[in-house]
Amino acid sequence: MTEERLTRRLVIRLCVVVVAMFGFGFALVPIYDVMCQAFGINGKTAGVYEGQQAVDEQRQVRVQFLATNAADMVWEFGPQADEVVVHPGDSTQMLFVAYNPTDKPMTAQAIPSVAPSKAAAYFHKTECFCFTQQVLQPGERIEMPVRFIVDRDLPADVRHLTLAYTLFDVTARKPPVAQVTLTRAAP
Amino acid sequence: MSAVIDHGHAGHDHHHGPAKGLMRWVLTTNHKDIGTMYLWFSFAMFLLGGSMAMVIRAELFQPGLQIVQPEFFNQMTTMHGLIMVFGAVMPAFVGLANWMIPLMIGAPDMALPRMNNFSFWLLPAAFSMLVSTLFMEGGGPNFGWTFYAPLSTTYAPESVTFFIFAIHLMGFSSIMGAINVVATILNLRAPGMTLMKMPLFVWTWLITAFLLIAVMPVLAGVVTMMLMDIHFGTSFFSAAGGGDPVLFQHVFWFFGHPEVYIMILPAFGAVSAIIPAFARKPLFGYTSMVYATASIAFLSFIVWAHHMFTVGIPLTGELFFMYATLLIAVPTGVKVFNWASTMWRGSMTFETPMLFAVAFVILFTIGGFSGLMLAIAPADFQYHDTYFVVAHFHYVLVPGAIFGIFASAYFWLPKWTGHMYDETLGKLHFWMSFIGMNMAFFPMHFVGLAGMPRRIPDYNMMFANFNMVSSIGAFMFGATQLLFLFIVIKCIRGGKAAPAKPWDGAEGLEWTIPSPAPYHTFQTPPDMSDEHEHRKGLAHD
Amino acid sequence: MGFLLWLVFSSAYASWGVNMTPGATEVSRTVFDLHMTIFWICVVIGVIVFGAMFWSMLVHRRSTGQQPAHFHESTTVEILWTVVPLVILVLMAIPATKTLIEIYDSSESELDIQITGYQWKWHYKYLGEDVEFFSNLTTPKDQINNKATKGEHYLLEVDEPLVVPVGTKVRFLITAADVIHSWWVPALAVKKDAIPGFINESWTRIDEPGLYRGQCTELCGKDHGFMPIVVEAKSKEDYAVWLAERKQLAMAEKELTSKEWTLDELMVRGEKAYNTACVACHQASGEGLPPMFPSLKGSAIATGPAAGHIGIVVNGKPGTSMAAFGKQLSEVDIAAIITYERNAWGNAVGDMVTPKDILAFKQAQE
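Being a predicted model, the structure only gives us computed values, none of them experimental. (Residues numbered from 1 in each chain as written. Chains lettered and ligands numbered in written order. Predicted model: local features only at pLDDT ≥ 70, side-chain atom pairs only at ≥ 80, totals over all residues. Heavy atoms only, no water.)

Caption draft 1: Quick peek at the overall build of chain C. When helices and strands are tallied, chain C shows eleven helices and ten strands. What you see for chain C is a C-alpha radius of gyration of 28 Å, clearly larger than the 21 Å of a compact globule of 366 residues, by over 25%. Based on the C-alpha atoms only, the size of chain C along its principal axes is roughly 95 × 55 × 40 Å. Residues classed as buried in chain C amount to 52% of the 366 residues present. Counting contacts in chain C only where the partners sit at least 6 residues apart, residues at least 24 apart contribute 62% of the total. Carbon and sulfur atoms make up 62% of the accessible area of chain C, which amounts to about 16300 Å² in all. Measuring between centres, the 30 positive side-chain charges of chain C sit 4 Å from its 41 negative side-chain charges. (Helix = DSSP H or I, 4+ residues; strand = E, 2+ residues; numbered from the N terminus. Rg over C-alpha atoms; globule rule 2.2 N^0.38 Å. Buried < 20%, exposed > 50% of the residue type's maximum accessible area, 1.4 Å probe, protein only. Contact = heavy atoms within 4.5 Å. Areas by Shrake-Rupley, 256 points an atom, 1.4 Å probe, with all protein chains shown as cover. Lys, Arg positive; Asp, Glu negative; His and termini not counted. Charge placed at Lys NZ, Arg CZ, Asp CG, Glu CD.)

Caption draft 2: Quick peek at the packing of helix H11 (residues 352–375) of chain B against helix H2 (residues 26–59) of chain C. Look at H11(B) against H2(C): their axes get within 9 Å of each other, and the N-to-C directions meet at 170°. Here H11(B) is positioned roughly antiparallel relative to H2(C), judged by the angle of their axes. When H11(B) is examined against H2(C), the residues Val358(B), Val361(B), Ile362(B), Thr365(B), Ile366(B), Phe369(B), Leu372(B) and Met373(B) are found in contact with a partner set consisting of His35(C), Ile38(C), Phe39(C), Cys42(C), Ile45(C), Gly46(C), Phe50(C), Met53(C), Phe54(C) and Met57(C). (Axes fitted to C-alpha atoms, helices over the stretch in contact; angles between N-to-C directions. Parallel < 35°, antiparallel > 145°, perpendicular 65-115°, else oblique.)

Caption draft 3: Quick peek at the interface of chain C and chain B. Contacts between the two partners involve 97 residues from chain C, matched on the other side by 102 residues from chain B. For the chain C and chain B pair, buried surface summed over both sides reaches about 8700 Å², with 70% attributable to carbon and sulfur atoms. The largest contributions to the chain C side of the interface with chain B come from His72(C), Trp81(C) and Leu219(C), which together make up 8% of the buried area. Our enumeration of links across chain C and chain B arrives at one salt bridge. One salt bridge connects Arg62(C) with Asp504(B), and the closest N-O pair in it is separated by 3.4 Å. Linking chain C to chain B there are 27 residue pairs in polar contact (both at pLDDT 80 or more). Those elements that provide at least two residues to the side of chain C that touches chain B are helix H1 (2–9), H2, helix H3 (75–103), strand E7 (190–194) and strand E9 (210–216) of chain C. If one sorts the elements of the side of chain C that touches chain B by residue count, H2(C) sits on top with 16 residues. (Buried area = accessible area lost by both parts, 1.4 Å probe. Salt bridge = Lys/Arg side-chain N within 4 Å of Asp/Glu carboxyl O. Polar contact = N/O pair within 3.5 Å; in protein donor to acceptor, adjacent residues only side chain to side chain.)

Caption draft 4: Geometry of the sheet that holds strand E6 (residues 123–128) of chain A. Residue and element names in this part refer to chain A. Pairing within the open sheet is antiparallel, and its four strands lie in the order E2-E4-E8-E6. Across the chains shown, the open sheet's two edge strands, defined by having one partner strand only, are strand E2 (76–79) and E6. The sheet shows a mean angle of 25° between the axes of neighbouring strands, taken without regard to direction. Here E6 runs beside strand E8 (residues 141–150); their pairing, made up of five bridges, is antiparallel. For Glu 127, the partnering residue across the bridge sits in E8 and is Arg 147. (Pairing = 2+ DSSP bridges.)

Caption draft 5: Examining the domain arrangement of chain C more closely. Residue and element names in this part refer to chain C. By domain assignment, chain C separates into domain 1 (26–59 + 74–104), domain 2 (111–247) and domain 3 (257–365). The C-alpha-based centres of domain 2 and domain 3 are spaced at 26 Å. Of the residues lining the interface, nine residues belong to domain 2; the matching set on domain 3 comes to seven residues. Surface buried jointly by domain 2 and domain 3 totals about 620 Å² across both partners, of which 62% is contributed by carbon and sulfur atoms. At the surface where domain 2 touches domain 3, the tally comes to zero salt bridges. Inspection of the region where domain 2 meets domain 3 yields two residue pairs in polar contact (both at pLDDT 80 or more). Class assignment for the residues of the side of domain 2 that touches domain 3 results in three nonpolar, one polar and five charged. (Domains from an automatic or database assignment. Nonpolar A, V, L, I, M, F, W, Y, C, P; charged D, E, K, R; others polar.)

Caption draft 6: Representation of the state of the cysteines in the model. Within the structure shown, the criterion is met by one disulfide over all chains. Linked covalently through their sulfurs, Cys128(A) and Cys130(A) form a disulfide whose S-S length is 2.3 Å. The chirality of the disulfide connecting Cys128(A) with Cys130(A) is right-handed, given an S-S dihedral of about 125°. The residues Cys128(A) and Cys130(A) share a single accessibility class, namely buried. Left unpaired, Cys220(C) is separated from the closest cysteine sulfur, that of Cys216(C), by 3.9 Å. The buried category is assigned to Cys220(C), whose relative accessible area is 0%. Free cysteine: Cys278(C), not disulfide-bonded; nearest cysteine sulfur from Cys281(C) at 8.9 Å. (Disulfide = S-S within 2.5 Å.)

Caption draft 7: Here's a closer look at helix H9 (residues 286–299) of chain B. Counted at 1.5 Å a residue, the expected span for H9(B) with its 14 residues is 20 Å, and the 20 Å between its end C-alpha atoms agrees. Those residues of H9(B) that sit buried are Tyr286(B), Ser288(B), Met289(B), Val290(B), Ala292(B), Thr293(B), Ile296(B), Ala297(B) and Leu299(B). The elements touched by buried residues of H9(B) are helix H6 (200–231), helix H7 (245–262), helix H8 (265–279) and helix H10 (315–343) of chain B together with H3 of chain C. (Expected span 1.5 Å × (residues − 1).)

Caption draft 8: Seen up close, a nonpolar patch on the surface. A surface patch of nonpolar side chains, amounting to about 690 Å² of accessible area, comprises Leu327(B), Ile79(C), Val83(C), Leu86(C), Val87(C), Val90(C), Leu91(C) and Ile94(C). When residues of the nonpolar patch are assigned to their parent elements, the largest contribution, seven residues, is made by H3(C). When its relative accessible area of 38% is taken as the criterion, Leu327(B) is described as partly exposed. (Patch = residues over 30% accessible without salt bridge, like charges linked within 9 Å, V, L, I, M, F, W, Y side chains within 5 Å.)

Caption draft 9: Quick peek at the packing of H9(B) against H10(B). Residues and elements named next belong to chain B. Packing of H9 against H10 brings their axes to within 9 Å, and their N-to-C directions diverge by 155°. Between H9 and H10, the crossing angle belongs to the class labelled roughly antiparallel. As H9 packs across H10, the resulting crossing turns out to be left-handed. Listed contacts from H10 to Ser 288, Met 289, Ala 292, Thr 293, Ser 295, Ile 296 and Leu 299 of H9 are Leu 327, Ile 328, Pro 331, Thr 332, Val 334, Lys 335, Asn 338 and Trp 339. Along the lines of polarity and charge, the residues of the contact of H9 with H10 split into nine nonpolar, five polar and one charged. (Left-handed = near helix turned anticlockwise from the far one by under 90°.)

Quick look at the structure:
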């Protein structure tokens, strides 16, 4: 084969590699998500949990609740209690209070994070205000529930875990046009 | 193995000389011209990035804010890093590749000469765009050369979009250059030059080119994701939208770690040519050197998170990255031992290229030692984001990459220009660079260990003494590069006529052609048969 | 120049120290030991290799008549200098692994503190105790701008240190409210990145009472170098006293909110609070750094209706760097700052905004 043909063939192959690596860079995004969820690393919790477990009465786990506002987020936001003690397998609920003190409707997104990160895979939320954006009218105050189960298979050396939420103002991205159904606490 | 080279116009020896005037440079497809342009461009960028370093060191000369405000200081540190990495070091090595690879393998030019031209001219465009951001409203990039999100996305100045475009252009240039290098090395070697007979400089560039092809697209990906987060409402790196700032770091460093090997491997190759020449002894362990370089390149893909030890990676991940990083010390050590063994029982003289090459081995190794310390993850918690890290990477980059480039320049200037450079001035440049560099960067180990963080314009009194020493050293180092400029210009304009092989211990095809190298060389491939091999000194038995 | 050198080098605070210090905890001492071990390994290897090279450069020269040898490979030697370093590295990895596992174990803590990084200050919250506060740099601008002599703890001093008891496992839950920051105290060997939206854990157990100083170690914007950390370790008894005092203070602040303030009192408190919370962006002169940080001097908001002025300070301006200070400062401080801004720099509006006004504003939004 002539030098030109060989070179052209090689260059085409190398270009394919370039395009593939560009794609790989983007593929790292879902790969990262999948790895984090599969191994429960990075403190990211999964979506809605649909399972059920038998309660482990012999074991107790302390679950601590943290609430932080992003720097430009004006709402009041916090858990009703700082901490609960639960049995693995048992479904527990905690209410978070949110209040919009401004004179405009606003949309917020709560982002959860669990510590230690190895506990995240064992922390299941059956219901959470973090699954959707929350819209509050001016002056509106609500109680938002998170209902969770700590997995029975939580590593034995984890006796204490922390669920932290960061509240972000996403009004600019998601203007509160329509009334969004708010998840309200069961009476 | 090389392909049969079919020169359709082998009998055509009616050559035009180079075109006249400015258009020669705009339109040239000649690897020597393009190499020259890359080298001059990189030198200009080196002086520009160096000026920014002077501003930084002037501000850090004493505690307190004297010269610039923190906002501008952050732009200086960011631009200094970007310009040195993408504008000085990388183009310099591409320039050396362009000039020397065809000569070393007996090829008439690069495989894709017109793409070669385009690759070069993208750079002045990219860097004009990048430097212009300093004059835009809100200032230039101020988030560090590693541009972590969300500081570089949600909180970035307006100019960030131009920063992103400039990176795209530079990346495109690097990728095309790398493709050209691979195609040239794999397909254009003179018959008889098998892969294991290639000079090590060619090997290291081949491996570097593969690294570039693999990771520059990932950089392009990460800045595109930034662009999308900033302008198109995506949330790759924004927690509010379900994204993750740490994802940025993973993708960036997946590019970033191989990038630092891209910045050193060609220097390894150059030094592997220079030390044997001045020791008058063949390179020790050629085969090991090839395998060691390949191992380093391979390992460079699996260590990226050692830049992220404090980010909160799970224990297993942290341990893996610590072990993999420690492992890289092994092939790197092999190379250092091989260079030392090349010197051992040689018959050495210490002309300027050899001075830079030996200083490279010693000082790069010191940088390697601090790198080894950084690899110990629990200890890294005390080093990370302090001046200890700044000391480490400046030791591997300045007496590493930069001295490698200086050594190469002095080594090959006679070939490029036809004149010997002024040896006394060359030695002066070396000693001033050596002293200035050590004075600038060695104290940084101390202030880092004492607790001084990176990227700060002002600091507590306890760091003052060493910072002042460091600034003085930096000024000295900076000033002496103007001497280098003078030496280069003086050499181009005249000097003792250089023979084809000015260094009696040198080996390689580039020394079989006249000095200065004719505009077109190896239009017919050189004879690589056995009886010639020993004369060319290319046998490795 | 010589005078300058003498000035600096003779400063009581300038130091020639060349090493990390062992620190104040068992973990920090272990980390120091790891550091020294790897350091000495490097020194020994360096001495051997560089020694050989220097010897070679002196002896194996053409000028001394040395003829070059011809050897250029040896498989034995290559294997040796691959295997021996590998073994050394494995030996180094073992204690490093052990220490890392220890550092990663933040379980069974006795006190939990949430640390949140902001541009450009830290926020500390004692979980379960209802005590929380911001911690700001207190070094005066005059020192930074070289108009006053720099103090011993220049750039390493804060208004509210993080107070912890000695001999207690304290767990830190670290996050950030805007960009990535990093919390580092060298004496504790604790460094952890503060990432917005995510929580990171770390822990310490301090042996001796004392003050331990650190800095932010992740570039976070213009004042990255100006958000230090001070940890004050007290004996358990002193800590208990401090905690009780803090809770008292919180109650007292509440009372201050209902007290009757004069314009002068508000101006004094306002200038102080302004210089802590607002000066980084809006500058001591009130002139700001337009366009990023608007001027307050002569501004429409600062000289206009009080309601608008209160609104922007309490609620911030989304999409800009102006944070919602209603969440960060007490009603007293907000009222004082607003009063100060309305009357300083020639603004001279003449009115005053009281803590009760702020409280009313917040409640009116309900």
